[in-house]
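Breakdown of the fold
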Amino acid sequence: MLIKGGTLITPFSKKQNTDIFVKDGIISDIGAIGSGDDIFDATGCYVCPGLVDIHTHGGGGGDYMDGSEEAFDRALKFQSESGVTSILASSVTAPVNQIETMLSISRKYMSRTDLPCRVLGVHLEGPYISYAKKGAQPAQYLRVPSKDSYDFILRNKDIVKNVTIATELDGAVDMVKELRKNGIVVSCGHDDGRSDTIIACIEAGVTNCTHWYCAMSTASMVDGVRSVGMMETALIDPRLTIELIADNHHIIPELARLAYQNKGALGICLVSDCLRAGGMEAGETLYNLGSCNDPNSQRFRVCDGVARMEDGTHYAGSIQPISRMIKNLVYDARVPLEDAVCAASYTPSRIIGMDDQIGSVEIGKKADFCIMDNELNVVATILNGKTVYAKN
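What this report covers is the structure whose coordinates are included nearby. If you're wondering where the values come from, they're calculated on a predicted model, not measured in any experiment.

1. A word on the layout of surface pockets
Taking a probe equal in size to a water molecule and rolling it over the atoms shows the remaining empty space. Its boundaries defined by the atoms lining it, the largest pocket holds a volume of some 360 Å³. Lining the largest pocket are 20 residues, and of these Gly 135, Ala 136, His 190, Ala 215 and Tyr 315 sit closest to its centre. Take the lining of the largest pocket: its biggest share by element is 3 residues, from strand β21 (residues 315-317). Broken down by class, the residue content of the lining of the largest pocket amounts to 9 nonpolar, 8 polar and 3 charged.

As structure tokens, then:
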């Protein structure tokens, strides 16, 4: 395959009128190559790395927690049509048996080579999170590391790539150390921690911050003394990357700009946190947050471009893919295009230790591409050198 004549977006620069030669699913040459077979004409388009979404719950009507192939197929099709070539399937807080069903399906999909979007593994968002900052997650399924076993995570360490925990939970530090020892990335989120619990967990191995500014501890008075929370710590501690749901609702342009100015392109990671309603029509439809088979799962509806809880009191999650969030960063938060693309491809691949294979357009890496027009709309998605989506 020869991708010809596009403007190549690398993590830190743009290269106009650049050709990319692909052989056996791998990028083999970049430059002015000339002619070849199976030409994809990218003239007038941006050729970006395939996007990497490490925090997504689904889309197209499917939620990974449904634990079915139909749900996975729906969600992965939605991701592919949005320029995403690799994902971590995210869980929600739920009974362990439901999570294990989702893990089982994820393991099967990780080994498949016929998918429109690659499944890299799983991100567990709960159940080891804070009651006070649980957001839309169901309280009855929350767990505490010191008294509720997390052996099911360790048994599935081959597919669990990232786990979100709250730093203030009893046993959190020990859990962080154990997960890190088993090669699992640990993120802080849905927390009600303070400086002492936060720093202890960072020193134990926390490296990422789950959807910064959303369901997260912030500065407050504790016993008459001012203490910062995770929100502030994440901005100033260089050991942490931060996820941004840059849908102009969860993270409005001013907050996106604040995060970018503090952390830079290598410190911010776009995540969709997209629910099953991604790509679906807005209206009065009530959707399940988590498994559609769980009678206790939370309900939400789409209103004004964002998912809200049934009572309308707070957000339930996003319905936008990260390709749309690139546009939001560029047009509304005034972030340079190459940095916005970096935050949606290279940075997430670094967070999960996959940057040697994906996340940027370099010789020897997988031939994954998101092709965008000059208005930053996705026109094609290429996975392993094969076009898996092309806009009509």
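2. Structural notes on the sheet that holds strand β10 (residues 118-125)
Ordered in space as β6-β9-β10-β11-β12-β13-β16-β17, the 8 strands form an open sheet in which the pairing is parallel. In this open sheet, the two strands that pair with only one neighbour each are β6 (51-56) and β17 (268-270). Note that β10 and strand β11 (residues 160-165) share 4 bridges and pair parallel. Note on β11: the bridge partner recorded for His 123 is Asn 162. The strands touched by helix α2 (residues 96-110) are β9 (84-90), β10 and β11; relative to β10, the strand with the most contacts, the crossing angle is about 160 degrees. Against the sheet, helix α4 (residues 172-181) touches β11 and β12 (185-188), its axis set at about 170 degrees to β11.

3. Considerations on the packing of aromatic side chains
Scanning the entire structure with this criterion turns up 6 aromatic pairs. A centroid spacing of 4.9 Å and a plane angle of 70 degrees characterise the contact between Tyr 64 and Phe 72, whose relative ring orientation is edge-to-face. Phe 72 gets classed as buried once you look at its relative accessible area, which sits at 0%. Pairing Tyr 128 with Tyr 150 gives two aromatic rings, centres 6.2 Å apart and planes at 90 degrees, and the pair type is edge-to-face. Residue Tyr 128 is located in the loop between β10 and α3 (151-155), and its partner Tyr 150 is located in the loop between β10 and α3; the two are separated by 22 residues in the primary sequence. Tyr 150 carries the same exposure label as Tyr 128, and that label is buried.

4. As for empty space enclosed by the protein
Inspection of every chain in the model, using the stated rule, returns 2 cavities of 30 Å³ or more. As a volume, the largest cavity reaches approximately 50 Å³. Taken together, Val 92, Thr 93, Ala 94, Gln 98, Pro 138, Leu 289, Gly 290, Ser 291, Asp 294 and Ser 297 make up the lining of the largest cavity. Looking at the lining of the largest cavity residue by residue, the class counts come to 4 nonpolar, 5 polar and 1 charged.

5. Structural notes on the side chain of Asp 294
Relative to the helices and strands, Asp 294 resides in the loop between β18 (287-289) and β19 (298-303). Summary of buried charges: Asp 294 has no salt-bridge partner, and the nearest side chain of opposite charge, Arg 299, is 7.1 Å away. Only 3.2 Å separates the side chain of Asp 294 from the side chain of Gln 98, close enough to count as a polar contact. Among the polar contacts listed, one links the side chain of Asp 294 to the backbone nitrogen of Asn 296, at a separation of 2.8 Å.

Reading the values: the criteria
- Residues numbered from 1 in each chain as written.
- Predicted model: local features only at pLDDT ≥ 70, side-chain atom pairs only at ≥ 80, totals over all residues.
- Heavy atoms only, no water.
- 1 Å grid on protein atoms, 1.4 Å probe; cavity = no way out; pocket = protein on both sides within 12 Å on 5 of 7 lines; lining within 4 Å.
- Points joined across faces, edges and corners; volume = space filled by probe spheres on them.
- Helix = DSSP H or I, 4+ residues; strand = E, 2+ residues; numbered from the N terminus.
- Nonpolar A, V, L, I, M, F, W, Y, C, P; charged D, E, K, R; others polar.
- Pairing = 2+ DSSP bridges.
- Contact = heavy atoms within 4.5 Å.
- Axes fitted to C-alpha atoms, helices over the stretch in contact; angles between N-to-C directions.
- Phe/Tyr/Trp six-rings, centres within 6.5 Å; stacked < 30°, edge-to-face > 60°.
- Buried < 20%, exposed > 50% of the residue type's maximum accessible area, 1.4 Å probe, protein only.
- Lys, Arg positive; Asp, Glu negative; His and termini not counted.
- Salt bridge = Lys/Arg side-chain N within 4 Å of Asp/Glu carboxyl O.
- Polar contact = N/O pair within 3.5 Å; in protein donor to acceptor, adjacent residues only side chain to side chain.

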